[in-house]
Amino acid sequence: MEPQNVTSNLVLIMDFGSQYTHLITRRIRKLSFFSLCISGTSPLKSITDLNPRVIILSGGPHSVHAEGAPCFPPGFIEYVEANNVFVLGICYGLQLIVQKLGGEVRIGEKQEYGRMEITVEKTCGMFGSKAVGDRQSVWMSHGDEVAKLPDGFLVVARSQQGSVAAIENPSKRFYGLQYHPEVTHSPEGMETLCHFLFNVCRLTADWKMEDLMEEEIKVIKGMVGPEDHVICALSGGVDSTVAATLLHKAIGDRLHCIFVDNGLLRYKERERVMETFERDLHLPVTCVDATEQFLSKLKGVVDPEAKRKIIGREFICIFDVFAEDLEHKLGKKPVFLVQGTLYPDVIESCPPPGSGRTHSHTIKSHHNVGGLPKDMKLKLIEPLKLLFKDEVRELGSILNVPEAFLKRHPFPGPGLAVRVLGDVAEGNALEILRQVDEIFIQSIKEAGLYDSIWQAFAVFLPIRSVGVQGDQRTHSHVVALRAVTSQDGMTADWYYFEHKFLDDVARKICNSVRGVNRVVQDITAKPPSTIEWE
């Protein structure tokens with residue numbers, strides 16, 4: 001689905017660089033309002049084309065005083081006032097409203113970071129359900145503060161240090177919170193957002209996954225001509241499988257799925273997923289063994305970005321050959337390629353506002369976003385690109401994808417190439433990693449922990465360590481275990497295993513996998529790290 005196809009009460013998030021921006025989007029969707037996130041510096045036409053009912057200006061790391069500080073486009077104020085659009089500024093967004101409407105923002109005498117108590121001063125608008133004097137704990141993160149309000153604005157809450165915590169101008173439909181209501185550290189934040197959207201903006205909660213599915217099917221049918229054929233690249237993961245099932249529902253047998261064994265799959269992955277495709281989903285799938293093609297191209301490559309680019313390029317080469325074979329069989333060329341790109345992939349590949357770049361500083365090239373060559377012959381269809389992972393699982397459930405399959409942990413498009421640090425073709429690194437990963441995952445399942453973990457996997461490290469096995473000195477490989485909890489993959493925390501569980505797993509690995517004599521655990525959150533190691 002393209003953003004311009006959204007016809008519900010759209011809540012548009014304009015991102016000015018806050019690490020919490022994606023949380024606003026998710027929180028609002030949970031209230032059954034459709035929400036999208038675009039760059040805070042997007043041109044005015046990008047906003048007007050979407051026709052939002054509400055616009056939320058996010059927080060960000062910038063100061064409104066800094067040269068080149070990101071700002072909404074020229075004409076923004078006039079547009080929202082003329083079209084009765086409600087605007088809520090959060091943190092930096094509040095300060096932007098104040099500055100651009102004639103108020104004053106200055107460097108704060110007392111900066112406010114972390115938990116802070118605020119007090120309600122007026123029970124209108126944002127705090128209409130509260131009483132004067134009510135207090136609540138919120139999460140602050142700002143060094144600048146409001147010194148003078150624009151004409152027509154009121155202070156409706158202050159911090160315990162006396163700083164402005166919330167403002168509003170109901171006649172102009174401008175509102176502002178100096179804190180982050182979207183984070184769990186603001187316990188009443190969701191109540192405030194809910195009150196704002198339902199009672200202040202008077203929106204109707206009319207967004208349902210069933211509606212989105214029907215809308216997406218209409219979009220697919222409108223995009224794909226009645227004689228067009230479509231290729232879908234199946235990875236064996238939840239995203240591509242749900243995307244394929246949705247396309248199959250929309251266009252039937254004109255969908256042609258391909259599953260590529262690139263030599264970078266997990267233990268018995270090929271056999272397991274092909275059985276699911278054929279037995280449970282009844283999808284038309286062709287399996288291609290391209291192990292030699294991928295591994296020969298990856299031999300000697302150690303840079304993770306280079307690996308991703310090579311893998312993306314080789315996938316497209318295979319898809320092009322598959323398309324040519326289909327052309328000979330069908331008598332016409334397939335036109336489209338389906339991929340299971342998700343919203344977090346798109347967000348992580350977007351330019352950070354105020355960076356001065358036209359593209360993002362690459363955290364990593366997502367195989368569905370930045371890993372594909374520009375000259376590929378097939379047109380892309382990305383039916384899930386506005387959804388988060390939990391929403392994809394909900395859609396999959398509606399499409400009758402088996403629950404056990406929907407609960408599978410995410411697996412990266414580049415496969416084990418980003419879990420073998422260094423050259424994937426060197427020695428028996430891939431085989432060692434497969435065995436270690438299988439022991440780890442099966443142990444998690446046997447312990448009843450699998451559904452409590454967002455993602456778990458093993459990593460092959462490019463180092464050796466000295467050990468003692470069978471009364472002999474060994475100089476063998478080191479592997480790392482990684483397990484995290486998360487809501488959407490945008491942020492994550494490491495999973496706390498009982499010591500006995502880790503001890504049992506480490507013993508199994510060292511006793512069962514030849515060439516491994518040391519097991520370590522990754523206990524880093526995201527941020528500062530990513531979930532995957534490369």
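Numbering of residues starts from 1 in each chain and follows the order in which that chain's sequence is written. Local features in this predicted model are restricted to residues whose pLDDT is 70 or higher, and side-chain atom pairs enter the listing and the counts only when it is 80 or higher, whereas totals over whole chains, interfaces and linings include all residues. Hydrogens and water are ignored here; the side-chain numbers use all heavy atoms of the structure.

**Student:** Sorry if this is basic, but what is going on with the overall build of the protein here?
**Tutor:** Within the protein one finds 15 helices and 18 strands. For 534 residues, the compact-globule estimate of 2.2 N^0.38 gives 24 Å, and the protein sits close to it at 26 Å. Counting only C-alpha atoms, the protein reaches 75 × 65 × 40 Å along its principal axes. Here, two residues are considered to be in contact whenever any of their heavy atoms come within 4.5 Å of each other. Contacts spanning at least 24 positions in sequence make up 76% of the contacts within the protein whose residues lie at least 6 apart. Each accessible area is a Shrake-Rupley estimate made with a 1.4 Å probe; only the visible protein chains count as cover when residues are assessed. Counting only carbon and sulfur atoms, one obtains 49% of the accessible surface of the protein, whose full area is about 23000 Å². Averaging the coordinates of the 59 positive side-chain charges in the protein and doing the same for the 68 negative ones gives two points 1 Å apart. Counting from the N terminus, the helices are the DSSP runs of H or I reaching at least four residues and the strands are the DSSP runs of E reaching at least two. This radius of gyration counts C-alpha atoms alone. The globule rule is 2.2 Å times how many residues there are, raised to the power 0.38. We treat Lys and Arg as the positive residues and Asp and Glu as the negative residues; His and chain ends play no part in the count. Positions of charges follow a simple convention, taking NZ of Lys, CZ of Arg, CG of Asp or CD of Glu.

**Student:** Help me understand the packing of aromatic side chains in this model?
**Tutor:** For any two aromatic rings, the description comes down to two numbers: the centre-to-centre distance and the angle of the planes. Whether two aromatic rings pair depends on their centres lying within 6.5 Å, for rings of Phe, Tyr and Trp, where Trp uses its six-membered ring; planes under 30 degrees apart make the pair stacked, over 60 edge-to-face, and the rest tilted. For the structure shown, the criterion picks out 14 aromatic pairs. A centroid spacing of 4.9 Å and a plane angle of 65° characterise the contact between Tyr495 and Phe497, whose relative ring orientation is edge-to-face. The buried label applies to any residue whose accessible area, calculated with a 1.4 Å probe on protein chains only, is under 20% of its type's maximum; exposed applies above 50%, and partly exposed to all values in between. By relative accessible area, which is 16% here, Tyr495 ends up buried. Each ring, one from Phe497 and one from Phe501, has its centre 4.7 Å from the other, and the planes form 15°; the classification is stacked. Grouping aromatic residues by their ring pairs yields a cluster made of Phe440, Tyr495, Phe497 and Phe501. Only when the NZ of Lys or the CZ of Arg is both within 6 Å of the ring centre and within 35 degrees of the ring normal is a charge said to sit over the ring. Over the aromatic face of Phe411 sits the side chain of Arg266, whose NZ or CZ is 4.0 Å from the ring centroid.

**Student:** Please clarify how the environment of Gln161 should be interpreted in this entry.
**Tutor:** Along the chain, Gln161 turns up in the loop between β7 (154–159) and β8 (164–169). The spacing of Gln161 and Glu403 is 242 residues in sequence and 51 Å in space, taken between C-alpha atoms.

**Student:** Explanation requested: the nonpolar core in the structure shown.
**Tutor:** Within soluble globular proteins, side chains that are nonpolar generally end up buried alongside one another. Nine residue types can take part in a nonpolar core, namely buried Ala, Val, Leu, Ile, Met, Phe, Trp, Tyr and Cys, and a core is a set of them joined through side-chain atoms within 4.5 Å. Grouped together as the largest cluster of nonpolar side chains are 108 residues, with contacts concentrated most on Phe76, Phe127 and Phe196. The dominant element in this core, judged by the number of residues it contributes, is helix α7 (residues 238–251), at eight residues. Membership of the second largest hydrophobic core comes to 52 residues, among which are Ile258, Val301, Ile439 and Leu502.

**Student:** I would appreciate a short explanation of helix α10 (residues 304–330) in the present structure.
**Tutor:** Side chains three or four residues apart in an α-helix point the same way, a direct result of the helix having 3.6 residues per turn. Relative to the 39 Å expected for 27 residues at 1.5 Å per residue, α10 spans 38 Å between its end C-alpha atoms, a close match to the ideal helical length. Think of a polar contact as two N or O atoms within 3.5 Å of one another; within protein, one of them needs to be a possible hydrogen donor and the other a possible acceptor, and neighboring residues in sequence only count if both atoms come from side chains. Between the side-chain oxygen at the start of α10 and the backbone nitrogen of Glu305 there is a gap of 3.2 Å, and the oxygen is on Asp303. Positive phi appears at Gly331, one or two residues downstream of α10, with a value of about 85°. To estimate how far a helix should reach, multiply one less than its number of residues by 1.5 Å.

**Student:** What's the story with the confidence of the model for the protein in this structure? I'm lost.
**Tutor:** When the pLDDT values of the protein are averaged, the result is 87; 92% of them are 70 or greater. Per-residue confidence from the predictor is reported as pLDDT, which spans 0 to 100. Here residues 3–7 is a poorly scored stretch, pLDDT under 50, and it has nine contacts once near neighbours within four places are set aside; other chains count. A low-confidence stretch, residues 354–371 (pLDDT under 50), is modelled with 49 contacts involving residues beyond four sequence positions or located in other chains.

**Student:** What's the story with the sheet that holds strand β13 (residues 336–338) in this structure? I'm lost.
**Tutor:** Hydrogen bonds between backbone groups are what pair the strands of a sheet, and the pairing can be parallel or antiparallel. Here a strand pair is declared whenever DSSP counts at least two bridges between the two strands. Reading across the sheet, the five strands line up as β12-β11-β10-β13-β14 and stay open at both edges, with parallel pairing between neighbours. This sheet does not close on itself; its edge strands, each paired only once, are β12 (285–289) and β14 (379–381). Between one strand and the next, the sheet's axes are offset by a mean angle of 30°, whatever the strand orientation. Pairing analysis gives five bridges linking strand β10 (residues 230–234) to strand β11 (residues 255–261), with the strands arranged parallel. Opposite Val230, over in β11, you have Leu255 as the bridge partner. Strands β10, β11 and β13 of the sheet are contacted by α7, whose axis makes an angle of about 155° with β10. The angle between two axes is taken between their N-to-C directions and runs from 0 to 180 degrees, where each axis is a line fitted to C-alpha atoms and a helix contributes only its stretch in contact.

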